[in-house]
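Residue strings, one per chain:
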Amino acid sequence: MTPVIRAATGADLAAVAGIYGHYVTGSTATFELTAPDTAAWANKLAGLQAAGWPFLVAEVNGEVLGFAYVGPWRPRPAYAATVEDTIYLDPAATGRGIGSRLLTELLDHAQEAGAREVIAVIADAESTASLALHRRAGFSEAGRLERVGRKFDRWLGTTLLQKSLN
Ligand SMILES: CC(C)(COP(=O)(O)OP(=O)(O)OC[C@H]1O[C@@H](n2cnc3c(N)ncnc32)[C@H](O)[C@@H]1OP(=O)(O)O)[C@@H](O)C(=O)NCCC(=O)NCCS
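Residues numbered from 1 in each chain as written. Predicted model: local features only at pLDDT ≥ 70, side-chain atom pairs only at ≥ 80, totals over all residues.

Undergrad: Give me the packing of helix H1 (residues 13-26) against helix H2 (residues 38-51): which residues, what numbers.
TA: Viewed as axis vectors pointing N to C, H1 and H2 meet at an angle of 110°, and their least axial separation amounts to 9 Å. In this view, H1 runs roughly perpendicular relative to H2, as classed from their interaxial angle. Residues Leu13, Ala14, Val16 and Ala17 of H1 touch H2, and the partners they reach there are Thr38, Trp41, Ala42 and Leu45. The residue makeup of the contact of H1 with H2, split by class, is seven nonpolar, one polar and no charged. (Axes fitted to C-alpha atoms, helices over the stretch in contact; angles between N-to-C directions. Helix = DSSP H or I, 4+ residues; strand = E, 2+ residues; numbered from the N terminus. Parallel < 35°, antiparallel > 145°, perpendicular 65-115°, else oblique. Contact = placed C-beta atoms within 7 Å. Nonpolar A, V, L, I, M, F, W, Y, C, P; charged D, E, K, R; others polar.)

See below:
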């Protein structure tokens, strides 16, 4: 299954909201507690586009099965060339290489847009695929934060991974 990887448009955002909403309500992959609606995603897309950062979708047979973007790691201006990546696939589309293709393209676009360092923040639980995905893409472990999130009545830590693009 070879996905088409392309820039996201407003027409993709209902699918994006649906994919992300699944992980918000059913997993600890994200620390978000309430699923953003399509309007919130439109704001996110507009902000990233205005800043020049990539927001990509993976499409198979005309269906959006995943999305990925990079955005600012921290708001202060000296961090301007450091970004955090976000990547989510439809649960029915995982484990088939789509995430790897999407992340590879995302990193290429991020580099073209001026990113030098990329940080992945991976929550403790349910993280095997994301850790494998990022390690395979050349990320290495940069540190851990313990008990920084609470979801489903559990304290959760994060692992930080980092990749240099230059
Ligand atoms: C993380 C995610 C984007 C990876 O995309 P994917 O298409 O499933 O991954 P791929 O098929 O490209 O495989 C990438 C690596 O992950 C491994 N992997 C994939 N699914 C896995 C699973 N369920 N369990 C363990 N490893 C898994 C693959 O074996 C591969 O590793 P390898 O190269 O060492 O063999 C996707 O699984 C996903 O959306 N997961 C839920 C949301 C999430 O965790 N997002 C990341 C938040 S930081």
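Picking up where we left off.
Undergrad: Hey, could you go over the site of the ligand for me, with residue numbers and the actual values?
TA: Around the ligand lies a shell of 20 residues, among which Thr94, Gly99, Ser100, Ala129 and Ala132 are the nearest. Where the shell around the ligand is concerned, the elements lending two or more residues are strand E4 (82-89), helix H3 (98-112), strand E5 (117-123) and helix H4 (128-136). Per-element tally for the shell around the ligand: the top contributor is H4, with six residues. Partitioned by chemical class, the residues of the shell around the ligand number eleven nonpolar, seven polar and two charged. (Near = placed C-beta within 6 Å.)

Undergrad: Please give an account of the environment of Leu145 that cites residues and values.
TA: Within the secondary structure layout, Leu145 lies in strand E6 (residues 140-151). Among the residues examined, Leu145 registers 13 C-beta atoms within 10 Å and is labelled partly exposed. Spatially, the C-alpha atoms of Leu145 and Ala17 are 28 Å apart, while their sequence positions differ by 128 residues. In this structure, Leu145 is in contact with Gly157 and Thr158, ignoring residues within four places of it in sequence. (Buried ≥ 20, exposed ≤ 12 C-beta atoms within 10 Å, placed from the backbone.)

Undergrad: Pulling in residues and values, what's your account of the nonpolar core?
TA: Within the largest apolar cluster, 32 residues are counted, with the highest numbers of intra-cluster contacts made by Val16, Leu56, Phe67, Ala68, Leu102 and Leu106. Among the secondary structure elements, those contributing two or more residues to this core are H1, H2, strand E2 (55-60), strand E3 (63-72), E4 and H3. (Core = buried A, V, L, I, M, F, W, Y, C linked by C-beta atoms within 7 Å.)

Undergrad: I'd like to hear about the sheet that holds E6, residue by residue, with values.
TA: In spatial order, the strands read E1-E2-E3-E4-E5-E7-E6; together these seven strands make up an open sheet with mixed pairing. Two strands close off the open sheet at either side, each with one partner strand: strand E1 (4-7) and E6. With strand direction ignored, the average angle separating the axes of adjacent strands in the sheet is 25°. Across four bridges, E1 lies against E2 in antiparallel orientation. Residue Val4 lies in a different strand from E2, and its bridge partner there is Glu59. H3 contacts E1, E2, E3, E4 and E5 of the sheet and is inclined by roughly 35° relative to E3. (Pairing = 2+ DSSP bridges.)

Undergrad: Summarise the pairing of strand E7 (residues 154-164); cite the residues concerned and give the values.
TA: A regular strand places its side chains so that they alternate between the two faces of the sheet. Bridging between E5 and E7 involves seven bridges; their strand directions are antiparallel. Note that in E7 the partner of Glu117 across the bridge is Ser164. Direction of pairing for E6 relative to E7: antiparallel, over a ladder of eight bridges. Within E7, the residue paired with Glu141 across the bridge is Leu161.

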